[in-house]
Amino acid sequence: MKRTWCLVLCLIVALVVGAVGCAQASGQESMPISLQQNTGVWVTGQGEATAVPDIAMLSLGIEARADTVAEAQAQASEAMDKVMEALKDSGIDEKDIQTQRFSIYPITRWVEHRDKEEIIGYRVTNIVVAKIREVDKAGVIIDAVAEAGGDYTRIQGISFAIDDPEPYYEEARAKAMEDAKKKAEQLADLAGVSLGKPTYVSEGAVYWPPTTRGFYEGGVPVPAPETPISPGELKITVNVQVAYAIV
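The shown structure was predicted, so the numbers you read here are calculated from the model rather than taken from an experiment.

Caption draft 1: Spatial organisation of the pattern of salt bridges. The full count for this structure, using the stated rule, is 14 salt bridges. Note that E118 and R109 form a salt bridge whose closest N and O atoms lie 3.0 Å from each other. Here the salt bridges do not stand alone but share partners, grouping E63, R65, R123 and R154 into one network.

And the structure:
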């Protein structure tokens, strides 16, 4: 048995040595993968495109407090029905309204002489996100919701987006590749080498929508005649990493 294992080991060693010898004889050189990846001229390029947002995302809802869960739920349900009605009357499609958060929490207070907390009521919160496809109507819609929900109204914030951002990504991507090529050409010129074709391209996109955050709670007067909302501009940035061969 020992003799058999010795013969097997000798055969494996012979095969490995023979393979290495063949590779060297054929003129092939072994280069670590990390070195292969770091050859050439590597650069990063950045491109930007700006766009006026055509969608507003409004986070809003109601909050009700009462002594019992049933009372709080009833108040919240009635107020939310009015808010939803105001949204639909303002032209918001039902498919563009999505529940973001619904919660029921006890309201507690610390009782010093008992050295413990006790429940003094309950809070029901119902928050939805409404997609407003006519951005210039955002202020009017906010006012309508605030009036419908009354003191139960909660408006958590508003953000802006682009319904079809792909054309802006294409513009930013083209600018990023142009920026990368200029950098590579300069580096090649400084190094005294000739630039070849790209051998590697990788993209990373960053979408920075400016967000207008505002909080409204019932009982605070709403500015008349319309809450001012400014969508501003969105900036889309695309970063690329490109490797060029040296020829």
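Caption draft 2: Inspection of the pairing of strand β2 (residues 55-66) at higher detail. Buried residues dominate β2, accounting for 10 of its 12 residues. Judged from the 8 bridges that link them, β2 and strand β5 (residues 153-161) form a sheet pairing that is antiparallel. Following the sheet pairing, I55 is matched in β5 by A161. Taken together, the 11 bridges between β2 and strand β4 (residues 116-132) define a ladder with antiparallel strand orientation. Across the sheet, residue M57 finds its bridge partner in β4, namely K131.

Caption draft 3: Geometry of the nonpolar core. In this structure, L58, L60, V83, L87, I92, I132 and I141 are the most contacted members of the largest nonpolar core, which totals 26 residues. Beyond its immediate sequence surroundings of up to four residues, L58 is in contact with V128, V129, A130, I132, I141, I142, I155, G157 and I158. The next biggest cluster of nonpolar side chains, apart from the first, holds 16 residues, and it includes A49, A184, V238 and V242.

Caption draft 4: Representation of the packing of aromatic side chains. By the definition in use, this model includes 1 aromatic pair. The interplanar angle of 40 degrees and the centroid separation of 5.1 Å between the aromatic rings of W42 and Y200 together place this pair among those described as tilted. Within this pair, whereas W42 is found in strand β1 (residues 41-51), its partner Y200 is found in strand β6 (residues 195-208), the two being separated by 158 residues in sequence. Y200 gets classed as partly exposed once you look at its relative accessible area, which sits at 36%.

What counts and what doesn't
- Residues numbered from 1 in each chain as written.
- Predicted model: local features only at pLDDT ≥ 70, side-chain atom pairs only at ≥ 80, totals over all residues.
- Heavy atoms only, no water.
- Salt bridge = Lys/Arg side-chain N within 4 Å of Asp/Glu carboxyl O.
- Buried < 20%, exposed > 50% of the residue type's maximum accessible area, 1.4 Å probe, protein only.
- Helix = DSSP H or I, 4+ residues; strand = E, 2+ residues; numbered from the N terminus.
- Pairing = 2+ DSSP bridges.
- Core = buried A, V, L, I, M, F, W, Y, C linked by side-chain atoms within 4.5 Å.
- Contact = heavy atoms within 4.5 Å.
- Phe/Tyr/Trp six-rings, centres within 6.5 Å; stacked < 30°, edge-to-face > 60°.

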